Amino acid sequence: MENKKRLTKAIVLIIISAFCFAVMNLCVSMSGDIPVIQKTFFRNLFAMMIASGAMIKNRHYILPKKGERFGVFARSIAGFLGMLGNFYALSSLRVADASLLNKMSPFFAIIFSIFLLREIPDKVQIICIITAFAGAMFVLKPGFLNAQLIPAIAGFAGGACAGLAYTFVRKLTSRGTDGYYIVFFFSAFSTLCAAPALIFDYSPMTLSQLLFLIGAGIAAAGGQFAITACYSYAPAREVSIYDYTQIIFAGMLGFVFKNEIPDLFSFIGYFIIIAAALIMFLYNNRPKKQV
């Protein structure tokens, strides 16, 4: 019964996270023609300010403890690179397409879990991962005449980095690291990494652009708190399918606010990847045979 309660909490949290990240992606896309590094800075600055509240309330240490250092730095570096890839993709792709490529992260999380958590996938899981990669090709639409190929590849690479970051989140929380500290350190790290680039590549913003980036930071903080808490309750293999509700949220928000309608190949890619995720979810949660 306790495991069922933890799983239910994880499912609710990952759906909340999916909605928050869909809102974040919409806000980043709506912020217009601003350098990616500038979007990254402001998105993390406001997320860091929100996470600081939890740090102050709990009187938490700022620098990581000796046993946490590698994990929090690795999570932050991977997350920062993943964010750059995602934001670059959002500058050229539909919100739903960019979100879908970023949602390759659960499949990458399973791959990275092999090396970091010693969680070995079986044949069915491997087939699902390969199928998901095939589906991503419909969204990537590889070809020399595809002007959106580079942003699509950036979004795909961003999903890989996000998968690595979430694997470290799982590893850290399983060892007792506080979720709000992981969010704070990642936001602070990303803000500091992005800040120097603004000296050379800063673009003046309108009030509406600033408000969109503030909204992105608030939504991102909510998404990070939710996803971090989620992975502390259940492993990725049990809840990852629900993360794909972000594609639904992103599609709805993109249609309502930007009048975006995905093309046929994107819809095929959505179907293949979500179907692969659903099969993997059902397989991972099938009743175990008692010996």
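Note that the coordinates shown come from a computational prediction; the quantities given were computed from them, not determined experimentally. (Residues numbered from 1 in each chain as written. Predicted model: local features only at pLDDT ≥ 70, side-chain atom pairs only at ≥ 80, totals over all residues. Heavy atoms only, no water.)

Visitor: I tried to follow the environment of Phe281 on my own but got confused; where do I start?
Guide: With respect to the element layout, Phe281 can be found in helix H12 (residues 264-284). Each C-alpha atom, one on Phe281 and one on Asp201, is 43 Å from the other, the two residues being 80 residues apart in sequence. (Helix = DSSP H or I, 4+ residues; strand = E, 2+ residues; numbered from the N terminus.)

Visitor: Would you explain the packing of helix H7 (residues 149-174) against helix H9 (residues 207-233) in this entry?
Guide: Helix packing geometry: the angle between the two helix axes and the distance between the axes. In the contact formed by H7 and H9, the axes pass within 9 Å of each other and the chain directions differ by 60°. Overall, the two elements H7 and H9 adopt an arrangement that is oblique. Handedness of the crossing formed by H7 with H9: right-handed. Contact residues: H7 offers Tyr166, Val169, Arg170 and Thr173, while H9 offers Ile227, Thr228, Tyr231 and Ser232. Split by residue class, the contact of H7 with H9 holds four nonpolar, three polar and one charged. (Axes fitted to C-alpha atoms, helices over the stretch in contact; angles between N-to-C directions. Parallel < 35°, antiparallel > 145°, perpendicular 65-115°, else oblique. Left-handed = near helix turned anticlockwise from the far one by under 90°. Contact = heavy atoms within 4.5 Å. Nonpolar A, V, L, I, M, F, W, Y, C, P; charged D, E, K, R; others polar.)

Visitor: Please clarify how helix H5 (residues 105-116) should be interpreted in this entry.
Guide: Think of an α-helix as turning once every 3.6 residues; residues three or four places apart then point the same way. When the terminal C-alpha atoms of H5 are compared, their 15 Å separation across 12 residues agrees well with the 16 Å that a helix rising 1.5 Å per residue should span. Every buried residue belonging to H5 is among Ser105, Pro106, Phe107, Phe108, Ala109, Ile110 and Ser113, and all of these are buried. Next to the buried residues of H5 lie helix H4 (95-102), helix H6 (123-140), H7 and H12. Remark: Arg118 follows H5 within two positions and exhibits a positive phi of approximately 60°. (Expected span 1.5 Å × (residues − 1). Buried < 20%, exposed > 50% of the residue type's maximum accessible area, 1.4 Å probe, protein only.)

Visitor: What exactly am I supposed to notice about the pattern of salt bridges here?
Guide: Side chains that differ in charge, positive against negative, can pair when their charged atoms come close. Tallying each qualifying case throughout the model produces three salt bridges. Here Arg94 ties to Asp263 by a salt bridge, and the two come within 3.5 Å at their closest N and O atoms. Here Arg94, found in the loop between helix H3 (69-90) and H4, pairs with Asp263, found in the loop between helix H11 (245-258) and H12; they are 169 residues apart in sequence, far enough to count as distant. According to the relative accessible area criterion, Arg94 is partly exposed, its value standing at 22%. The shortest N-O distance in the salt bridge between Lys258 and Glu260 comes to 3.5 Å. Because the salt bridges share partners, they merge into one network encompassing Arg94, Asp97 and Asp263. (Salt bridge = Lys/Arg side-chain N within 4 Å of Asp/Glu carboxyl O.)

Visitor: Before we go on, may I ask you to explain H12 in this structure?
Guide: The first and last C-alpha atoms of H12 sit 30 Å apart over 21 residues, in line with the 30 Å expected at 1.5 Å per residue. Turning to H12, its buried residues are Ser266, Gly269, Tyr270, Ile272, Ile273, Ala276, Ala277, Met280, Phe281 and Asn284. For H12, the capping residue at the N-terminal end is Asp263, with a side-chain oxygen 3.3 Å from the backbone nitrogen of Phe265. (Polar contact = N/O pair within 3.5 Å; in protein donor to acceptor, adjacent residues only side chain to side chain.)

Visitor: Explain the side chain of Gln209 to me, please; I cannot follow it from the model alone.
Guide: Tracing the sequence through the fold places Gln209 in helix H9. Residue Gln209 is classed as buried on the basis of its relative accessible area of 16%. There is a polar contact of 3.0 Å between the side chain of Gln209 and the backbone oxygen of Ser31. Residues in contact with Gln209, not counting those within four places in the same chain, are Ser31, Gly32, Asp33, Ile34 and Pro204.

Visitor: Would you take a moment to explain a nonpolar patch on the surface for this structure?
Guide: Judged by side-chain polarity, Phe255, Val256, Phe257, Ile261 and Phe267 come together as a nonpolar surface patch covering roughly 550 Å² of accessible area. With three residues, the single largest contributor to the nonpolar patch is H11. Here Phe257 shows up in helix H11. (Patch = residues over 30% accessible without salt bridge, like charges linked within 9 Å, V, L, I, M, F, W, Y side chains within 5 Å. Areas by Shrake-Rupley, 256 points an atom, 1.4 Å probe, with all protein chains shown as cover.)

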